[in-house]
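# Observations on the model geometry
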Amino acid sequence: MSEPFQFDGRVAVITGAASGFGRAFAHHAAALGMKLVLADVDQALLDETVEALRESGAQAVGVRTDVRDAAQVDALANAALEAFGKVHLLFNNAGVGTGGFVWESSARDWEWLFGVNVMGVANGVRSFTPVMLAQGERAHIVNTASVAGLLSPPAMGVYNASKHAVVSLTETLYHDLKNVSDAVSCSLLCPAFVPTGIANAGRSRPDDLRNDAPLTRSQQAADLQLQRAVRAGKLTPDDVAKATFDAVREGRFYILTHPQILASVKLRHEDIETLRNPTDPLSLKPEVKQAPQ
Ligand SMILES: NC(=O)c1ccc[n+]([C@@H]2O[C@H](COP(=O)([O-])OP(=O)(O)OC[C@H]3O[C@@H](n4cnc5c(N)ncnc54)[C@H](O)[C@@H]3O)[C@@H](O)[C@H]2O)c1
């Protein structure tokens, strides 16, 4: 797989495509001449995104998909094949977040975050990888995790755990694919805070998984901290999309858009290697640290 990945004329499927990174991936893919299949739970924003891409001359279809649901992701794969015959690039990107002390997270918080962030990625891998392998052409999967998949900052326990699952799933996928194919591979995207809709993820939360209880103090503080950190993010979704497409083109697995985070990753690895108790990853970033009460 030494030749650079070719985008022009190939087919990309993107989940969480109506906002943030997903929408930036879509515009980037269109500019590279790709055909697009866009999936999101937000029908109105999805329609808007598809319309804007078509107006710019791209071939794009939208398929409302809740990635938590295995049958809907199977239907997305079928819709992509019906529309364009093949799939060359899949972004398992839809994701949501909550915050607060880990023991205060409700059963519904766990179900929602693991449904979208973990099962969404698992469903994408399960539905699309066999299609890609059967095509016998170059194809690539990009799973969006987070630096929260490499570190465990306080008051983000459910999100951290879900993103660690995506990291492990994707590293395993890399090895599994290497064992059977020279044509299909994958990358792992681990961004830090970037201004997108993520701090307002509750807008897409299904009614049956909303909490009845009011937010605890730790949840309110974590919400506030997330809003501030996301707003203060210096990179744009477009910067993240560019870094991601560069990595796919060059066949790089780890996509770390904020390399300064590596100092905290090293500390964490040292904690493990020396059996030292865990260092708070935010201790290297005091401007973000604001312990929940
Ligand atoms: N923005 C950041 O700071 C940041 C940092 C690290 C990782 N991430 C990850 O990036 C990914 C994209 O998030 P974003 O920052 O662009 O946020 P965003 O809220 O702007 O976009 C997420 C999209 O996912 C969609 N979505 C939510 N639930 C869904 C479901 N069940 N099925 C299908 N679509 C669903 C939303 O409607 C939304 O359009 C997520 O996996 C997120 O965890 C974001």
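For the structure, check the block above.
A few points on the structure. (Residues numbered from 1 in each chain as written. Predicted model: local features only at pLDDT ≥ 70, side-chain atom pairs only at ≥ 80, totals over all residues. Heavy atoms only, no water.)

### Comments concerning the overall build of the protein chain
- Assigned secondary structure in the protein chain consists of eight helices and seven strands.
- Relative to the 2.2 N^0.38 estimate, which gives 19 Å for 293 residues, the radius of gyration of the protein chain is 19 Å and therefore close to what a compact globule would have.
- Structurally, the protein chain occupies a C-alpha span of about 55 × 45 × 30 Å along its principal axes.
- For the protein chain, the residues scored as buried account for 49% of the 293 residues in total. (Helix = DSSP H or I, 4+ residues; strand = E, 2+ residues; numbered from the N terminus. Rg over C-alpha atoms; globule rule 2.2 N^0.38 Å. Buried < 20%, exposed > 50% of the residue type's maximum accessible area, 1.4 Å probe, protein only.)

### Brief notes about the packing of helix H1 (residues 20-31) against helix H7 (residues 237-250)
- Axis separation between H1 and H7 bottoms out at 8 Å; the angle between their running directions is 60°. The orientation of H1 relative to H7 falls into the category oblique. Crossing geometry of H1 relative to H7 is assigned as right-handed. Contacts between H1 and H7 involve Gly20, Phe21, Ala24, Phe25, His28 and Ala29 from the first element and Pro237, Asp238, Val240, Ala241, Lys242, Thr244 and Phe245 from the second.
- Across the contact of H1 with H7, the residue classes tally to eight nonpolar, three polar and two charged. (Axes fitted to C-alpha atoms, helices over the stretch in contact; angles between N-to-C directions. Parallel < 35°, antiparallel > 145°, perpendicular 65-115°, else oblique. Left-handed = near helix turned anticlockwise from the far one by under 90°. Contact = heavy atoms within 4.5 Å. Nonpolar A, V, L, I, M, F, W, Y, C, P; charged D, E, K, R; others polar.)

### Focus: a nonpolar patch on the surface
- A contiguous nonpolar patch, built from Val102, Trp103 and Trp110 and spanning about 350 Å² of accessible area, is present on the exposed surface.
- Here Trp110 shows up in helix H4 (residues 107-135).
- Of the residues examined, Trp110 reaches a relative accessible area of 31% and is grouped as partly exposed. (Patch = residues over 30% accessible without salt bridge, like charges linked within 9 Å, V, L, I, M, F, W, Y side chains within 5 Å. Areas by Shrake-Rupley, 256 points an atom, 1.4 Å probe, with all protein chains shown as cover. Salt bridge = Lys/Arg side-chain N within 4 Å of Asp/Glu carboxyl O.)

### A few points about the nonpolar core
- Among the nonpolar cores identified, the biggest contains 47 residues, and Val13, Val37, Leu76, Trp112, Phe128, Met132 and Leu188 are the most heavily contacted of them.
- Elements that contribute at least two residues to this core include exactly strand E1 (11-15), strand E2 (35-40), helix H3 (70-84), H4, strand E5 (139-144), helix H5 (157-180) and strand E6 (184-189).
- Aside from chain neighbours lying at most four places away, what touches Met132 is Val87, His88, Leu89, Leu90, Glu137, Ala139, His140, Ile141 and Val184.
- The next biggest cluster of nonpolar side chains, apart from the first, holds 31 residues, and it includes Phe5, Ala18, Leu38 and Ala60. (Core = buried A, V, L, I, M, F, W, Y, C linked by side-chain atoms within 4.5 Å.)

### Concerning H3
- Along its 15 residues, H3 runs 21 Å from first to last C-alpha, staying within 8% of the 21 Å computed at 1.5 Å per residue.
- Contact partners of the buried residues in H3: E1, E2, strand E3 (60-64) and H4.
- Between the side-chain oxygen of the N-cap and the backbone nitrogen of Ala71 there are 2.9 Å, and the N-cap of H3 in question is Asp69.
- Where H3 ends, the next residue or the one after it, Gly85, has phi of about 85°, a positive value. (Expected span 1.5 Å × (residues − 1). Polar contact = N/O pair within 3.5 Å; in protein donor to acceptor, adjacent residues only side chain to side chain.)

### Side note on the pairing of E3
- Relative to E3, E2 runs parallel, the two sharing five bridges. Within E3, the position partnered with Leu38 by the bridge is Gly62. (Pairing = 2+ DSSP bridges.)

### A short note on the packing of aromatic side chains
- Considering all chains together, one arrives at eight aromatic pairs under this definition.
- Connected via pairs of aromatic rings, a cluster forms that spans Phe5, Phe7, Phe25, Phe91 and Phe245. (Phe/Tyr/Trp six-rings, centres within 6.5 Å; stacked < 30°, edge-to-face > 60°.)

### Comments concerning H4
- If you check H4, its first and last C-alpha atoms are 40 Å apart, about what 29 residues at 1.5 Å a residue would give, namely 42 Å.
- Count one or two residues on from H4 and you reach Gly136, which has phi positive near 70°.

### Comments concerning the site of the ligand
- Around the ligand, 29 residues are found, and the nearest of them are Ser19, Asp40, Tyr159, Val194 and Thr196.
- Take Gly20: an N or O atom from its main chain is 3.4 Å from an oxygen atom of the ligand.
- When contributions to the shell around the ligand are tallied by element, the ones reaching two or more residues are H1 and H5.
- Among the residues forming the shell around the ligand, the class breakdown is 13 nonpolar, eleven polar and five charged. (Near = heavy atom within 4 Å.)

### Side note on the sheet that holds strand E4 (residues 89-92)
- Taken in spatial order, the seven strands make up an open sheet running E3-E2-E1-E4-E5-E6-E7, and their pairing is parallel. Each of the sheet's edge strands pairs with one partner strand only, and the pair in question is E3 and strand E7 (254-255).
- Two elements, E4 and E5, share four bridges in a ladder whose sense is parallel. From the neighbouring strand, Phe91 faces E5, where its bridge partner is Val142.
- Along the sheet face, H3 touches E1, E2 and E3 and points at about 160° away from the line of E2.

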